Amino acid sequence: MGVPHVVVIGAGIGGLSAAIALAARGLRVTLYEQLDRPGGKMGEVRAGGFRWDTGPSVITMRFVYDQLFALANRRLEDYLELMPIEPLTRYFWHDGTVLDATADLVAMQQRIAERFGTDEAQRYRTFIAYAQRLYEIVREPFLFRHKPTLRDLFRLPIADVLKIDALRTMHQAVRAHFKSPHLIQLFDRFATYNGSSPYRVPATLNVIAFVEMAQGAWYPRGGVFQLARAFEHLATELGVEVHYETPVKQIVVHNQRAEGVILAEERFVRADAVVCNADYAFAQQTLLPASVAQRRFPEPSCSGFVLLLGVRGHFQQLAHHNIFFSQDYPREFADIFTRGVPPENPTLYLCITSKTDPEHAPAGHENWFVLVNAPALSGGFDWQANIDAYANRVKDALREWMARIGEPAPEIVVERHWTPLDLQRTFGGYRGAIYGFSSNTRFAAFARPNNRDPRIRKLYFAGGSVHPGGGVPLVTLSGMAAARCVLEDLGSTTQGAAL
Ligand SMILES: Cc1cc2nc3c(=O)[nH]c(=O)nc-3n(C[C@H](O)[C@H](O)[C@H](O)COP(=O)(O)OP(=O)(O)OC[C@H]3O[C@@H](n4cnc5c(N)ncnc54)[C@H](O)[C@@H]3O)c2cc1C
């Protein structure tokens, strides 16, 4: 038998990561992507002299990308300059409080002490130690290995099962640690990093706070899209054949085994294994034969509404990452997850990469990326009919914030928007969800689909909608996990274990 051939569907971060891990182990890999570029949701837009990232802006868990490149005996820094970002985020509240978050624990304690008192600073220390313990317990069984089963959970020492804090919600645990409503809101926000609600996700997800607040956040010089380009560069160097503008129409299944794919151009491509990076639910609905496809899916994560603004001026009070908190956080998440409408008074996230890379905007201007959490598509809100009204609401809120912090009203010279409908149409995402499925239930980690299809042999999934979940680092791990499954099943057990 010759070298096994693997087809990967999708050049998102999950697909590229799987392709790299497989090619690094000597497999022949062909990747088909419907768009004309790599990265999937990690994209970029240029207009009127401005450049914006359109998807991720906060990159955490740097060591995950180092690990991926190490699989191919390469160093990430030879492909990309990943810079630590400080402040991690500048947080603004309506009462005038401003806090620059830093990954320097001592400096952060100091800043908390100055604004919220020394007791709260001590509580911060306790909270980070608690989140670190969570991280150390869940890291191996929940993130770095195959999808955990309930049996795996029961195999953990009983003390560890209790320590993962899955019986409380994130908000309950955060509220038990802090007294300041500001800090409670700040730490509750980390639930949105995988598209969930702090009032519903298990407190286990406080690991996200540890990952950012203690390990830090990075920004790839030139824009986050450069990370996708770096993955693409490595994949092609390893011999992965990448075909852009080549949608896959169907995954061919015969006798419960994936045998290849049919491209939209009606050509059959045979494969020893198929790794699907298209969204899991979308793939079940459109790429798999109805006779074998799944029809029931967990709750989708939230989606988002994005405004890309080219603005005149330099706004001294703003940092690279900024959060303008709403006054009623519970209401905001009830709008998203219960009422199914975009928040009436949203928290605004504003990222300005031209603060770090001035060439991302013409002289005397800034490139504003504004993100508002929004519900997955459900029929509860008609984006087509209401897009201008909602965009105006967000722009009004931005103007009010600028007035509140003593900045001039932003003069917008270029404007683009992305709605959940665009996310669904462009990437084939399930109901426009950004992070696949939400983690809003206690057993979400166990309900998330596996990287190895349980019923169809030689079919694998990589991406935010499968184990271990959404967000760039986890999606990278997901690609590596799918590759490990392929290698094990194709008879390279030792190679699989080495990944
Ligand atoms: C606005 C926004 C902000 C975000 N912010 C952050 C952040 O700050 N930090 C963070 O870590 N994460 C963030 N994320 C989430 C992060 O972008 C995703 O979790 C991750 O990029 C998803 O990667 P993926 O490989 O799972 O899927 P995708 O990026 O969706 O890639 C799937 C690929 O498959 C292709 N495809 C689908 N169907 C087919 C087909 N039939 N044939 C061929 N190709 C196909 C698609 O075109 C796409 O390129 C954000 C996302 C968005 C949209």
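Right, let's walk through the structure included here. Going along each chain's sequence as written, the residues are numbered from 1 onward. Given that this is a predicted model, residues contribute local features only at a pLDDT of at least 70 and side-chain atom pairs are listed and counted only at 80 or more, while totals for whole chains, interfaces and linings are drawn from all residues. Calculated side-chain values reflect all of the structure's heavy atoms, with hydrogen atoms and water omitted.

**Some thoughts on the overall build of the chain**
Summing up its helical and strand segments, the chain has 17 helices and 19 strands in all. Since a compact globule built from 499 residues should have a radius of gyration of about 23 Å, the 22 Å found for the chain is in line with a globular shape. Expressed along its principal axes, the backbone C-alpha trace of the chain runs to roughly 70 × 55 × 45 Å. Among the 499 residues that make up the chain, the fraction classed as buried is 61%. Note on contacts: a residue pair is in contact if any heavy atoms of the two residues lie within 4.5 Å. For the chain, the share of sequence-separated contacts (at least 6 apart) that also reach a separation of at least 24 residues comes to 72%. Element-wise, carbon and sulfur atoms account for 49% of the exposed surface of the chain, whose accessible area totals about 19400 Å². Strands are runs of DSSP state E lasting at least two residues, helices are runs of H or I lasting at least four, and both sets are numbered from the N terminus onward. A radius of gyration in this sense is built from C-alpha atoms; the matching globule rule multiplies 2.2 Å by the number of residues raised to 0.38. The cut-offs for exposure are 20% and 50% of the maximum accessible area for each residue type, with area from a 1.4 Å probe on protein chains only; residues under the lower value are buried, those over the upper are exposed, and the others partly exposed. Computed with the Shrake-Rupley method and a 1.4 Å probe, the accessible areas treat only the protein chains shown as cover for residues.

**Concerning the packing of helix α1 (residues 13-24) against helix α16 (residues 472-489)**
Axes here mean lines fitted to C-alpha atoms, for a helix over just the part in contact, with angles spanning 0 to 180 degrees between N-to-C directions. Where α1 meets α16, the closest approach of the two axes is 7 Å, and the angle between their N-to-C directions is 40°. As summarised for this structure, α1 and α16 are arranged oblique, according to the angle between their axes. Between α1 and α16 lies a crossing whose hand is right-handed. On α16, the residues touching Ile-13, Gly-14, Ser-17, Ala-18, Ala-21 and Leu-22 of α1 are Val-472, Val-475, Thr-476, Gly-479, Met-480, Ala-483, Val-486 and Leu-487. Nonpolar residues are Ala, Val, Leu, Ile, Met, Phe, Trp, Tyr, Cys and Pro. Charged residues are Asp, Glu, Lys and Arg, and all others, Gly as well, are polar. Looking at side-chain class alone, the contact of α1 with α16 contains 10 nonpolar, 4 polar and no charged residues. Roughly parallel here means an angle under 35 degrees, roughly antiparallel means over 145, roughly perpendicular means 65 to 115, and every remaining angle is called oblique. With the far helix as reference, a near helix turned anticlockwise by less than a right angle produces a left-handed crossing, and one turned clockwise produces a right-handed crossing.

**Focus: the sheet that holds strand β10 (residues 248-254)**
Hydrogen bonding along the main chain pairs the strands of a sheet, whether they run parallel or antiparallel. In spatial order, the strands read β10-β11-β12; together these 3 strands make up an open sheet with antiparallel pairing. Each edge of the sheet is formed by a strand with only one pairing partner; in this case those strands are β10 and β12 (268-270). Across the sheet, the mean angle from the axis of one strand to that of its neighbour is 30°, orientation sign disregarded. DSSP-based pairing: two strands are paired if at least 2 bridges between them are found. Sheet topology note: the β10/strand β11 (residues 257-263) ladder contains 6 bridges and is antiparallel. Residue His-254 lies in a different strand from β11, and its bridge partner there is Arg-257.

**A few points about the pairing of strand β4 (residues 50-53)**
Because side chains alternate across β4, one face comprises the buried residues Phe-50 and Trp-52, and the other comprises Arg-51 and Asp-53, equally buried. As paired elements, strand β3 (residues 44-47) and β4 share 4 bridges and run antiparallel to each other. In the strand pairing of β4, Arg-46 is matched with Arg-51. Between β3 and β4, which pair antiparallel and follow one another directly, the connecting turn spans 2 residues, one of which, Gly-48, has a positive phi of 55°.

**Structural notes on helix α8 (residues 181-188)**
Summarising burial for α8: 7 of the 8 residues are buried, a large majority. Among the residues making up α8, those that are buried are His-182, Leu-183, Ile-184, Gln-185, Leu-186, Phe-187 and Asp-188.

**Topic: the environment of Gln-285**
In this structure, Gln-285 sits in helix α11 (residues 280-286). Considering only alpha carbons, one finds Gln-285 and Tyr-430, 145 residues apart in sequence, at a separation of 9.4 Å. When sequence neighbours within four positions are dropped, the list of residues in contact with Gln-285 reads Arg-295, Phe-297 and Tyr-430.

**Thoughts on the packing of helix α4 (residues 118-144) against helix α9 (residues 207-215)**
At a minimum axis distance of 8 Å, the contact between α4 and α9 shows a crossing angle of 115°. On the basis of the axis angle, α4 is roughly perpendicular to α9. In the crossing of α4 with α9, the sense of the turn from one axis to the other is left-handed. Together, Tyr-124, Phe-127, Ile-128, Ala-131, Gln-132, Leu-134, Tyr-135 and Val-138 of α4 and Val-207, Ala-209, Phe-210, Val-211, Met-213, Ala-214 and Gln-215 of α9 make up the contact between the two elements. Class assignment of the residues belonging to the contact of α4 with α9 gives a composition of 13 nonpolar, 2 polar and no charged.

**Focus: helix α12 (residues 329-339)**
Along an α-helix, residues three or four positions apart point the same way, because every turn accommodates 3.6 residues. Within the span of α12, buried status applies to Tyr-329, Glu-332, Phe-333, Ala-334, Asp-335, Ile-336 and Phe-337. Pairs of N or O atoms within 3.5 Å make up the polar contacts considered here, provided that, within protein, one atom can donate a hydrogen while the other can accept it, and that residues adjacent in sequence are counted only when both atoms are side-chain atoms. In this structure Asp-328 caps α12, since a side-chain oxygen of it lies 3.1 Å from the backbone nitrogen of Arg-331. Directly after α12, the chain includes Gly-340, whose backbone phi takes a positive value near 70°.

**Description of the site of the ligand**
Nearness of a residue to a molecule or strand requires only that one of the residue's heavy atoms be within 4 Å of it. Around the ligand there are 34 residues in total, and Gly-14, Glu-33, Lys-41, Gly-464 and Val-472 lie nearest to it. The backbone of Gly-14 places a nitrogen or oxygen atom 2.8 Å from an oxygen atom of the ligand. The backbone of Ser-57 places a nitrogen or oxygen atom 3.1 Å from an oxygen atom of the ligand. Among the elements of the structure, α1, α14 (420-427) and α16 are those that each provide at least two residues to the shell around the ligand. It is α16 that provides the largest number of residues to the shell around the ligand, a total of 3 residues. Tallied by class, the residues present in the shell around the ligand amount to 18 nonpolar, 14 polar and 2 charged.

**Here's the deal with the side chain of Asn-322**
Within the secondary structure, Asn-322 sits in strand β15 (residues 321-324). There is a polar contact of 2.7 Å between the side chain of Asn-322 and the backbone oxygen of Ala-319. Residue contacts for Asn-322: discarding those within four places in its chain leaves Thr-89, Arg-90, Phe-92, Leu-348, Tyr-349, Leu-350 and Ile-352.

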